[in-house]
Amino acid sequence: MLETPRLLLRPWQTRDYPEFAKLNTDPKVIEFLPACLSVDASNALAQRLQTLIAQQGWGFWAVELKIKHVFIGFVGLNPVHSALPFSPNIEIGWRLSSAYWGQGLATEAAQATVQFGFNDLQLTEIVAFTALGNLRSQAVMQRLGMQQGALNFKHPSLAKDHPLAEHCLYRLSRAPYQHIHT
Ligand SMILES: CC(C)(COP(=O)(O)OP(=O)(O)OC[C@H]1O[C@@H](n2cnc3c(N)ncnc32)[C@H](O)[C@@H]1OP(=O)(O)O)[C@@H](O)C(=O)NCCC(=O)NCCS
């Protein structure tokens, strides 16, 4: 479990599932994701993410807003899928309920996640990627100090002509990050 001034990044609980299912059908949240998820698919995803946390001790954590004790989405680390051209690597990712955008909460959770990745897991690099049009997600990457790689790539899970296929890749290395944050 990670704690920030406003947030807890914690294991998933079944009481998170209804809110997660709701955000997975919110048109604003899924604008740059391949599909909206049915309730069953959303619950199955939450279960998979929790299983990974239980196995690894880390993962895409459920994010809870401390002041209201409410679940607002997920932020965390995940091993990059082997089909991606920059695998093996660890990605940082995020998905928050749109009601909580615009308050710096994703960046606050992501900063704690980066520190965990570099200090506790001793990672040498963390990557992030998203569809080219997802500027909000890229803004979080930039706020973290991540650097955009020279090349974009087509996400292998999507058809080559899918409007969301083209992705950009950002990278953050431990050495310069530690230099700035110590
Ligand atoms: C990507 C996502 C997490 C970004 O959320 P966000 O709230 O825009 O990001 P941040 O937490 O960094 O908040 C930044 C905004 O909060 C504002 N802000 C307010 N208080 C702040 C504070 N204390 N600290 C930092 N920023 C603050 C910033 O000015 C900025 O505002 P802007 O959007 O008007 O520029 C969110 O859009 C999302 O969940 N999208 C859907 C899922 C998705 O696409 N995930 C990525 C797939 S790869």
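Quick caveat, the model's predicted, so the values are computed rather than measured.

Undergrad: Teacher, can you tell me more about the nonpolar core here?
TA: As a rule of thumb, nonpolar side chains are buried together in soluble globular proteins. The biggest cluster of nonpolar side chains holds 35 residues, and the ones touching the most others in it are V63, V75, A106, A109 and A110. Of the residues forming this core, the biggest block, 7 residues, is contributed by helix α4 (residues 105-120).

Undergrad: Would you mind showing me how to read the site of the ligand here?
TA: Around the ligand, the surrounding shell holds 19 residues, and the nearest of these are W101, G104, A106, T107 and T130. Every element with two or more residues in the shell around the ligand is listed here: β5 (90-96), α4 and α5 (135-143). Residue classes in the shell around the ligand are distributed as 8 nonpolar, 8 polar and 3 charged.

Undergrad: Where do I start with α4 in this structure?
TA: Owing to its 3.6 residues per turn, the α-helix brings residues three or four apart onto one side. Helix length check: α4 (16 residues) gives 22 Å between terminal C-alpha atoms against 22 Å at 1.5 Å per residue, within 8%. Those residues of α4 that fall on the buried side of the exposure criterion are L105, A106, A109, A110, A112, T113, V114, G117 and F118. Positive phi appears at Q122, one or two residues downstream of α4, with a value of about 55°.

Undergrad: Where do I start with unusual backbone geometry in this structure?
TA: Trans peptide bonds make up most of the peptide bonds, and negative phi angles are found at most residues other than glycine. Going from S87 to P88, the amide bond is cis rather than trans, its omega being -5°. Relative to the helices and strands, P88 resides in the loop between β4 (70-79) and β5. Non-glycine residue H69 carries a positive phi angle of around 55°. Assignment of secondary structure puts H69 in the loop between β3 (60-65) and β4. The phi dihedral of Q122 falls on the positive side, at around 55°, and the residue is not glycine. On the secondary structure map, Q122 appears in the loop between α4 and β6 (125-131). Classification of Q122 as exposed rests on a count of 8 C-beta atoms within 10 Å.

Undergrad: For this particular structure, what's the right way to read helix α3 (residues 39-56)?
TA: Across its 18 residues, α3 extends 26 Å between first and last C-alpha, which sits within 8% of the 26 Å expected from 1.5 Å per residue. The complete set of buried residues in α3 reads S42, A46 and L49. End-on, the buried residues of α3 take up no more than an arc of 65°, which puts them together on one face. Those residues of α3 that are exposed and angled more than 90 degrees off the buried face are D40, A44, T51, A54 and Q55. Packed against the buried residues of α3 are α1 (17-23), β3 and β4. Of the residues one or two after α3, G57 is the one with positive phi, at around 90°.

Undergrad: Explanation requested: the environment of D120 in the structure shown.
TA: Along the chain, the position of D120 falls in helix α4. Sequence separation between D120 and E91 is 29 residues, and the spatial gap between their C-alpha atoms is 15 Å.

Undergrad: Sorry if this is basic, but what is going on with the environment of V114 here?
TA: Inspection of the secondary structure assignment puts V114 in helix α4. Given 21 C-beta atoms within a 10 Å radius, V114 is considered buried. Along the sequence, V114 and L172 sit 58 residues apart, while their C-alpha atoms lie 9.0 Å from each other.

Rules of the game
- Residues numbered from 1 in each chain as written.
- Predicted model: local features only at pLDDT ≥ 70, side-chain atom pairs only at ≥ 80, totals over all residues.
- Core = buried A, V, L, I, M, F, W, Y, C linked by C-beta atoms within 7 Å.
- Buried ≥ 20, exposed ≤ 12 C-beta atoms within 10 Å, placed from the backbone.
- Helix = DSSP H or I, 4+ residues; strand = E, 2+ residues; numbered from the N terminus.
- Near = placed C-beta within 6 Å.
- Nonpolar A, V, L, I, M, F, W, Y, C, P; charged D, E, K, R; others polar.
- Expected span 1.5 Å × (residues − 1).
- Arc of directions from axis to C-beta.
- Contact = placed C-beta atoms within 7 Å.

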